[in-house]
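Descriptive structure summary
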Amino acid sequence: MDAPRNEDPTAPRPAADSRVSLAILTVPGQANPFGTLHGGVMLRMADECGAVAALRHVGRGQVTTAAMDSMTFLSPVYVGERVEIVAEVTHAGRTSIETRIEIYAEALHHPGRRKVGSGYALYVALDDEGKRPHEVPPLLSTTEADRLRDEAARDRQAVRLARREEARRHDREFL
Ligand SMILES: CC(C)(COP(=O)(O)OP(=O)(O)OC[C@H]1O[C@@H](n2cnc3c(N)ncnc32)[C@H](O)[C@@H]1OP(=O)(O)O)[C@@H](O)C(=O)NCCC(=O)NCCS
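The chain appears in an unreviewed UniProt entry as Acyl-CoA thioesterase from Paludisphaera mucosa. According to UniProt, the comment filed for the chain under the heading Sequence similarities (unreviewed entry) is "Belongs to the acyl coenzyme A hydrolase family."

This brings us to the site of the ligand. Neighbouring the ligand are 15 residues, the closest being Gly93, Arg94, Thr95, Ser96 and Arg160. Contributing elements (two or more residues each) for the shell around the ligand: strand 2 (62-73), strand 5 (114-126) and helix 2 (144-174). Across the shell around the ligand, the residue classes tally to 6 nonpolar, 6 polar and 3 charged.

Here strand 3 (residues 82-92) lies mainly inside the structure; 8 of its 11 residues are buried. Pairing geometry for strand 1 (residues 20-25) and strand 3, over 6 bridges, is antiparallel. Following the sheet pairing, leucine 22 is matched in strand 3 by isoleucine 85. Of the pairings in the sheet, the one linking strand 3 to strand 4 (residues 96-106) comprises 10 bridges and is antiparallel in character. Residue pairing in the sheet places alanine 92 in a bridge with isoleucine 97 of strand 4. Counted along the chain from strand 3 to the antiparallel partner strand 4, the turn is 3 residues long.

This brings us to the environment of isoleucine 101. Its place among the elements puts isoleucine 101 in strand 4. Judged by local crowding, isoleucine 101 falls into the buried class, with 26 C-beta atoms found within 10 Å. With 24 residues separating them along the chain, isoleucine 101 and alanine 125 place their C-alpha atoms 18 Å apart. With sequence-adjacent residues up to four places away left out, isoleucine 101 is seen in contact with Ala46, Cys49, Gly50, Ile85, Ala87, Gly119, Tyr120 and Ala121.

Quick notes on the rules
- Residues numbered from 1 in each chain as written.
- Predicted model: local features only at pLDDT ≥ 70, side-chain atom pairs only at ≥ 80, totals over all residues.
- UniProt positions renumbered as here; feature names shortened; annotations may be inferred.
- Near = placed C-beta within 6 Å.
- Helix = DSSP H or I, 4+ residues; strand = E, 2+ residues; numbered from the N terminus.
- Nonpolar A, V, L, I, M, F, W, Y, C, P; charged D, E, K, R; others polar.
- Buried ≥ 20, exposed ≤ 12 C-beta atoms within 10 Å, placed from the backbone.
- Pairing = 2+ DSSP bridges.
- Contact = placed C-beta atoms within 7 Å.

See the structure below:
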């Protein structure tokens with residue numbers, strides 16, 4: 001039986017506790033005219049899976065997507081294939097949670113999944129009214145691998161915040 005979860009919102013939580021996957025069998029309505037899956041279908045699944053991992057880490061309330069970045073598609077997915085998305089929290093800030101998201105595909109007549117996509121998404125925890133950002137538990141960091149993970153996440157977050165500034169600036173330039 002699993003150990004009872006520590007519900008103290010200030011207690012660091014292990015990344016592995018947030019790990020989650022979801023899978024679908026792809027159908028023609030999800031494909032483009034060439035028979036391969038729309039990138040948008042995978043992005044939606046990736047966002048949903050990443051959000052569930054973030055919610056598992058936070059343990060209550062709501063999360064909203066602040067940024068999806070670096071989603072790289074490595075090979076096409078064909079109609080009828082099984083697509084599986086796996087997500088896990090890779091960083092927790094004050095109110096933000098970063099998740100790594102991996103996408104796999106598997107032809108039903110050739111068991112054995114291949115990696116078709118990989119990326120990160122950044123979620124923000126919101127209060128019970130779904131309005132203001134809300135503090136999240138820290139991510140447990142004990143090993144050298146955890147330290148490297150944290151450092152890489154901080155670098156990615158700096159890039160995202162620079163992009164947010166750029167997006168705000170562009171908005172002003174167009175008006
Ligand atoms: C995400 C949102 C709630 C942030 O609100 P805000 O008032 O800008 O809040 P803050 O600036 O205090 O940011 C809160 C946290 O999110 C982070 N953050 C916000 N926008 C970010 C972005 N674009 N990239 C990276 N981090 C971001 C901040 O760094 C901060 O992190 P921290 O608390 O861990 O240090 C707000 O921008 C929003 O509602 N966006 C729309 C979300 C949405 O509708 N998503 C669905 C897709 S349409």
